[in-house]
Amino acid sequence: MLLAAALLAPLGASGQSWPERPVRMIVPFPPGGGTEAIGRLVAQHYQEVFGQPFVVESRSGASGLLGTEMTARAAPDGYTISMTASGPLTILPQMMQAGYDPVRSFEHVYLPSITPLLMVMPNNRAPNSIAEFVPWAQARRGQINYCSIGVASPSHLSAEMFARATGVEMTHVPHRGSGPALLDVIAGHCDVLFDSMTSSSAHVRAGRLKALGVSTRERLASWPEMPTIAEQGVAGYVTQTWSAIVAPAGTPAAIVARLNEEGRRFSAGQRERERTIAQGGLPVDLSPTQFREFLQTEIAAWGEVIRAGNIKVD
C-alpha cells in the first residue's frame, strides 16, 4: 500500500488533478492588440476544456519585458502562464537587460501561428505603394515618423530594416502595444506603422487605414491582391511576428503537455484555422520541443538583423 501511494503521489504534482483553481494568463501588452486577442480566444477554449477560469491579465510595460519577466518569476505550478510575443522572447533580451533567459527561464508551451506584418499608413497620406512612398518620404526628410508597438519589437526592427533598405529617414515613436499604435495611425498622428496582420488587417479591410504591402516572401493566398514589400523593390525583405504561450521553467511536464495538446487541437479546428488564415496568419503545429527549437532559430535570425544594422535602444 505504501508503494502504491508513493507511485500515485507524483500524479497530482505532475498535473493529473490540475487545474483545481483559476489559472492566470499574463499578457505583457495593453488591451487591444493581437496578442491579447488570441490570448482571450485560447483562454476561453482552455476554460471550456479544463473547467476552471483562465483569467487574462494585462501587465504591460517595457515593450512586453515586464509581464514576461513576471511570468518567469512566478511559481512553476501551472497556475501562471503567459501569452507573450516574439519581441520579448527573441529581440528584447539581445538589446537590453532582461530579467529572464528566453530559453532557460520558460517552458515553451504552445505556438498557434506565425503572422506577417503590414506596412500601414493613415488614409489621408498620399502614397499608395512602396514606389510612391520612398520619394514621398525622401522629399520630407526629417519630417516622417513611424509608430511601433514598442522599443525592440518586431514592429520597431521591421521599420528600421525598411528604412535602411530604402534610404528613407524616419523618427521612431514607440507605443505600449499594438492597440495604442493603431489608434495613433488611424488618427493621423503617425505616418507609418509596421504591425501584425492579426491586429491591423481588420482596420485596412474596414477602410480605416491603407496598407502599402505585406512582409511575406510571396503574396498570401488569403489576400492575393495585397503586394509584398519585397516585390515592390525592397529585395529580400521578409519579417514576421507571433504570439505564444510560455510557463515558468519547472512547470510540470504533464501540465505543459496538456496545454500544448489542447492548444493544438484548438488551432486545428476549422473555425479557428479559417479565422487565422483570414487575418493573414500561417497556422503551425508544434510540440513544446519543436517550439523551443523554432524560438532558438528566431533568436539567431533577429540577432543578425540587430548586429548588421547596429540597432540600439535609446
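Residue numbers here run from 1 along each chain, matching the order of that chain's written sequence. pLDDT decides what is reported in this predicted model: residues at 70 or higher carry local features, side-chain atom pairs at 80 or more are listed and counted, and totals for whole chains, interfaces and linings draw on all residues regardless. Only hydrogens and water are set aside; all other atoms, that is, all heavy atoms of the structure, feed into the side-chain values.

A closer look at the sheet that holds strand β4 (residues 106-110)
So, step 1. For two strands to count as paired, DSSP must find a minimum of two bridges between them. For helices the rule is a DSSP run of H or I covering at least 4 residues; for strands it is a run of E covering at least 2, with both sets numbered from the N terminus onward. The mixed open sheet is built from five strands, whose spatial order is β2-β1-β3-β11-β4. Both edges of this open sheet fall to β2 (54-58) and β4, since each of them pairs with a single strand only. Taking each pair of neighbouring strands and ignoring which way they run, the sheet shows an average axis angle of 30 degrees.
So, step 2. Whether two residues are in contact is decided by their heavy atoms, any of which lying within 4.5 Å being enough. Axes here mean lines fitted to C-alpha atoms, for a helix over just the part in contact, with angles spanning 0 to 180 degrees between N-to-C directions. Packed onto the sheet, helix α4 (residues 86-95) meets β3 (80-85), β4 and β11 (243-248) and runs at close to 70 degrees relative to β3.

Thoughts on the state of the cysteines
So, step 1. Two cysteine sulfurs form what is called a disulfide whenever their separation falls within 2.5 Å. Within this structure, the stated rule accounts for one disulfide.
So, step 2. Here Cys-147 connects covalently by a disulfide to Cys-190, the sulfurs 1.8 Å from one another. With the S-S bond torsion at 75 degrees, the cross-link from Cys-147 to Cys-190 turns out right-handed. Of this pair, Cys-147 sits in strand β6 (residues 145-148) while Cys-190 is found in the loop between α7 (178-186) and β8 (192-196), placing the two residues 43 residues apart along the sequence.

Quick word on the pattern of salt bridges
So, step 1. For salt bridges, the criterion is a side-chain nitrogen of Lys or Arg within 4 Å of an Asp or Glu carboxyl oxygen. Tallied over the full model, the rule gives twelve salt bridges.
So, step 2. Ionic pairing is found between Arg-104 and Asp-101, a salt bridge with its closest N-O pair at 3.3 Å.
So, step 3. In this structure Arg-104 comes out as exposed when scored by relative accessible area, which is 67%.
So, step 4. Only protein chains enter the calculation, and the probe is 1.4 Å; a residue is then buried if its accessible area is under 20% of its type maximum, exposed if over 50%, and partly exposed in between. Accessibility expressed as a relative area gives 22% for Asp-101, which makes it partly exposed.
So, step 5. Here Arg-265 and Glu-262 are joined by a salt bridge, their closest N and O atoms 2.8 Å apart. Note that Arg-265 and Glu-262 are positioned in helix α9 (residues 253-268) at a spacing of three residues, about one turn of the helix.
So, step 6. The class of Glu-262 is buried, set by a relative accessible area of 13%.
So, step 7. Via salt bridges that share partners, Arg-24, Glu-57 and Arg-59 belong to a single interconnected network.

A closer look at the confidence of the model for the protein chain
So, step 1. Confidence of the prediction at every residue is given by pLDDT, a number between 0 and 100. In this model, the protein chain carries an average pLDDT of 91, and 95% of its residues clear a pLDDT of 70 or more.
So, step 2. Of the regions scoring below 50 in pLDDT, residues 1-13 engages in four contacts with residues more than four places distant in sequence or in other chains.

Focus on the nonpolar core
In summary, soluble globular proteins display a tendency toward joint burial of nonpolar side chains.
So, step 1. Counting 47 residues, the largest nonpolar core has Met-119, Phe-133, Phe-162, Met-170, Phe-194 and Trp-242 as the members making the most contacts within it.
So, step 2. Those elements giving two or more residues to this core turn out to be α3 (65-73), α4, β5 (113-122), α5 (130-138), α6 (154-166), β8, β11 and α11 (288-309).
So, step 3. The greatest single-element share of this core, amounting to seven residues, is contributed by α11.
So, step 4. Contact partners of Phe-162, with chain neighbours within four places excluded, come to Met-119, Ile-130, Phe-133, Val-168, Met-170, Phe-194, Ile-229, Val-234 and Tyr-237.
So, step 5. The term nonpolar core refers to a set of buried residues drawn from Ala, Val, Leu, Ile, Met, Phe, Trp, Tyr and Cys, joined through side-chain atoms within 4.5 Å. Within the second largest apolar cluster, 24 residues are counted, among which are Val-23, Phe-54, Met-83 and Leu-259.

Topic: the packing of aromatic side chains
So, step 1. Any pair of Phe, Tyr and Trp rings, taking the six-membered ring for Trp, is counted once the centres come within 6.5 Å. Such a pair is stacked with planes under 30 degrees apart, edge-to-face with planes over 60 apart, and tilted for the rest. Scanning all chains against the criterion turns up 13 aromatic pairs.
So, step 2. Relative to Phe-194, the ring of Phe-162 has its centre 5.6 Å away and its plane inclined at 50 degrees; by these criteria the two rings are tilted. Taken as a pair, Phe-162 in helix α6 and Phe-194 in strand β8 lie far apart in primary sequence, 32 residues in all. A single burial state applies to Phe-162 and to Phe-194, both of which are buried.
So, step 3. The structure contains a cluster of three or more aromatic residues connected by ring pairs, namely Phe-133, Trp-136, Phe-162, Phe-194 and Tyr-237.
So, step 4. Whether a charge sits over a ring depends on NZ of Lys or CZ of Arg being within 6 Å of the ring centre and within 35 degrees of the ring normal. Sitting above the plane of the Tyr-79 ring, Arg-21 keeps its charged end 3.7 Å from the centroid.
So, step 5. The ring of Trp-223 is capped by Arg-205, whose NZ or CZ atom sits 4.0 Å from the centre of that ring.

A short note on the packing of α7 against helix α8 (residues 197-205)
So, step 1. Interaxial distance between α7 and α8 falls to 11 Å at its minimum, and their mutual angle equals 25 degrees. Classified by the angle their axes make, α7 and α8 are roughly parallel. Here α7 and α8 pass one another in a crossing that is right-handed. Mapping the contact onto sequence places Ser-178, Leu-182 and Ile-186 in α7 and Ser-199, Ser-200 and His-203 in α8.
So, step 2. In the scheme used here, Gly and all other residues not listed as nonpolar or charged are polar, with Ala, Val, Leu, Ile, Met, Phe, Trp, Tyr, Cys and Pro taken as nonpolar and Asp, Glu, Lys and Arg as charged. Partitioned by chemical class, the residues of the contact of α7 with α8 number two nonpolar, four polar and no charged. The labels follow the angle: roughly parallel below 35 degrees, roughly antiparallel above 145, roughly perpendicular from 65 to 115, and oblique for the rest. In this scheme, a crossing is called left-handed if the near helix is turned counterclockwise away from the far one by less than a right angle; it is called right-handed if the turn is clockwise.

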